[in-house]
Amino acid sequence: MDWIQKDLEYIWHPCSQMKDYEELKPIIIKEGKGVYLYDIYGKEYIDIVSSWWCNLLGHCNDKINQNIKNQLDKLEHTIFANFSHEPAIMLCEKLINIIPKGLKKFNFSDNGSASVECALKMSFQYHYQTGNPKKTRFMALTEGYHGETIGALSVGTLDLYAKIYKPMLMDTIRVTAPDCYRCSYGKCRDCCNCECFENVEKALEKYADETCAFIVEPLLQGSAGMRIYPALYLKKLRNACTKYNVHLIVDEIATGFGRTGKMFACDHAGITPDIMCISKGLTGGYLPMAITITTQEIYDAFYDDYNKGKAFMHSHTYSGNPIACSAALAVQDILENEHIIEKSQPKAKYLNSKINEALLQHKNVGEIRHIGLINAIELVKNKNTKEGFDSELRMGYQIYKRALQYGLLLRPLGNVLYFNPPLIINEDEIDKSVDRCVKAINDILPF
Ligand SMILES: *Cc1c(COP(=O)(O)O)cnc(C)c1O
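Residues numbered from 1 in each chain as written. Predicted model: local features only at pLDDT ≥ 70, side-chain atom pairs only at ≥ 80, totals over all residues. Heavy atoms only, no water.

### Points about the site of the ligand
Around the ligand, the surrounding shell consists of Trp-53, Asn-111, Gly-112, Ser-113, Tyr-145, His-146, Gly-147, Glu-217, Asp-251, Ile-253, Ala-254 and Lys-280. The separation between an oxygen atom of the ligand and a polar side-chain atom of Ser-113 is 2.6 Å. In the model, an oxygen atom of the ligand is placed 2.6 Å from a nitrogen or oxygen of the Lys-280 side chain. Relative to its free-state accessible area of 380 Å², the ligand is covered by the protein chains to the extent of 82%. Looking at side-chain class alone, the shell around the ligand contains four nonpolar, five polar and three charged residues. (Near = heavy atom within 4 Å. Polar contact = N/O pair within 3.5 Å; in protein donor to acceptor, adjacent residues only side chain to side chain. Areas by Shrake-Rupley, 256 points an atom, 1.4 Å probe, with all protein chains shown as cover. Nonpolar A, V, L, I, M, F, W, Y, C, P; charged D, E, K, R; others polar.)

Set out below in structure tokens:
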């Protein structure tokens, strides 16, 4: 049997209708370098989605590889209760200088969803222990995404895939998210005063007494189709949460480490959340690791004599894994010494102008929105009415399949195609990617 047949024999792939694999076979990747992936037949693919947004600095980066190899011969893993190790301590010492001011304490886990669960429990227990036991619910934006475990799913959008699990989910208070492309106030992204924030104000007025925290993806609702909203919204949210004694949990899992052109999306708004979740780019996309970071104030509410029962009894076997920490340390080193985020800014402009030039006039391109190197192309049936394609047509998926033939990994979000490349992509690679993307779009939706 060849590799493809064996794969189909054994593997149930994530987020896939496996029947689709009858037609589009699994692509078996053998090697990667920089923005390129190569399959077992030697065919190249430009990884324009950073392998689900986590690959920050390219595949097989020499420095990250070396750091991991060095760590491997010293210590692979240790229990993290009572025990610690230099890589984790050094990592916190690095991160404390780049995270929003006021965040101080680091709670390690091993994936993004787990770090969200940790944040929700932390906020809940804080309120319980500080005289607000009635605060038991969470508030979130519609269209949000925070992961796939039950708690994380509970605070995400109730789409087709989440709805099935509704009987298992918490009763979250959902607030209509900003929608700057189809603004119901008739405003636009750069010319509004976040009039839609009134939805948050109304919800907080009504439900603050029973609400622990508001969880949000800052500036960019990734899974919703790379929906981008103004920094002012986040500023208003910070102020409103403070006013109502509701924690602000900011999920920077997708936006962290330069994806939006600044270190964190929070930096665009100049705010500090009460709890922040990071993962994805943290290890450069090498190893699973996440951190839930919080303030001294929240930490202090758990700090007491053991028998008072206030400790945060939350753990994961692989919390603080030293090999993952060594990868994360290399990432911090590279970001700092190679000025990666600064250097990504002119490239972000270049990429956006290339995409605009090639696609803005296309009859089925409704909006091209961008933040940092992230560019989303929303396909519509009708540009004037902004009416989208029927999801059953699977327009994004058809273009994805075509782009694969041209050597571009352009996995879509419904009818939204997007670029979210490793920050090290160069102009030549940008040209090639845009070229391949345009060819794929024009094949399926002729100009
Ligand atoms: C990917 C993602 C998560 C979940 O992370 P996993 O590691 O896949 O569990 C949560 N929130 C956001 C914003 C993400 O992009």
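### Some remarks on the pattern of salt bridges
One pass over the full model with this rule turns up 22 salt bridges. Among the ionic contacts, a cluster of salt bridges with common partners joins Arg-182, Arg-189, Glu-367, Arg-369 and Glu-378. (Salt bridge = Lys/Arg side-chain N within 4 Å of Asp/Glu carboxyl O.)

### Some remarks on the sheet that holds strand 3 (residues 44–47)
Strand order across the open sheet formed by four strands is 1-2-3-16, with mixed pairing between neighbours. The open sheet has two edge strands with one neighbour each: strand 1 (29–33) and strand 16 (408–409). When strand 2 (residues 36–39) meets strand 3, the two strands line up antiparallel, connected through three bridges. When the bridges of strand 3 are listed, Tyr-38 appears paired with Glu-44. (Pairing = 2+ DSSP bridges. Helix = DSSP H or I, 4+ residues; strand = E, 2+ residues; numbered from the N terminus.)

### What about the side chain of Asp-7?
The residue Asp-7 is located in helix 1 (residues 3–10) in this model. No salt bridge forms around the buried Asp-7; measuring N to O, its nearest opposite-charge neighbour Lys-25 is 10.0 Å away. Of the polar contacts made by the side chain of Asp-7, one reaches the side chain of His-13; its length is 2.8 Å. In contact with Asp-7, other than residues within four places in its own chain, are His-13, Pro-26 and Ile-28. (Buried < 20%, exposed > 50% of the residue type's maximum accessible area, 1.4 Å probe, protein only. Lys, Arg positive; Asp, Glu negative; His and termini not counted. Contact = heavy atoms within 4.5 Å.)

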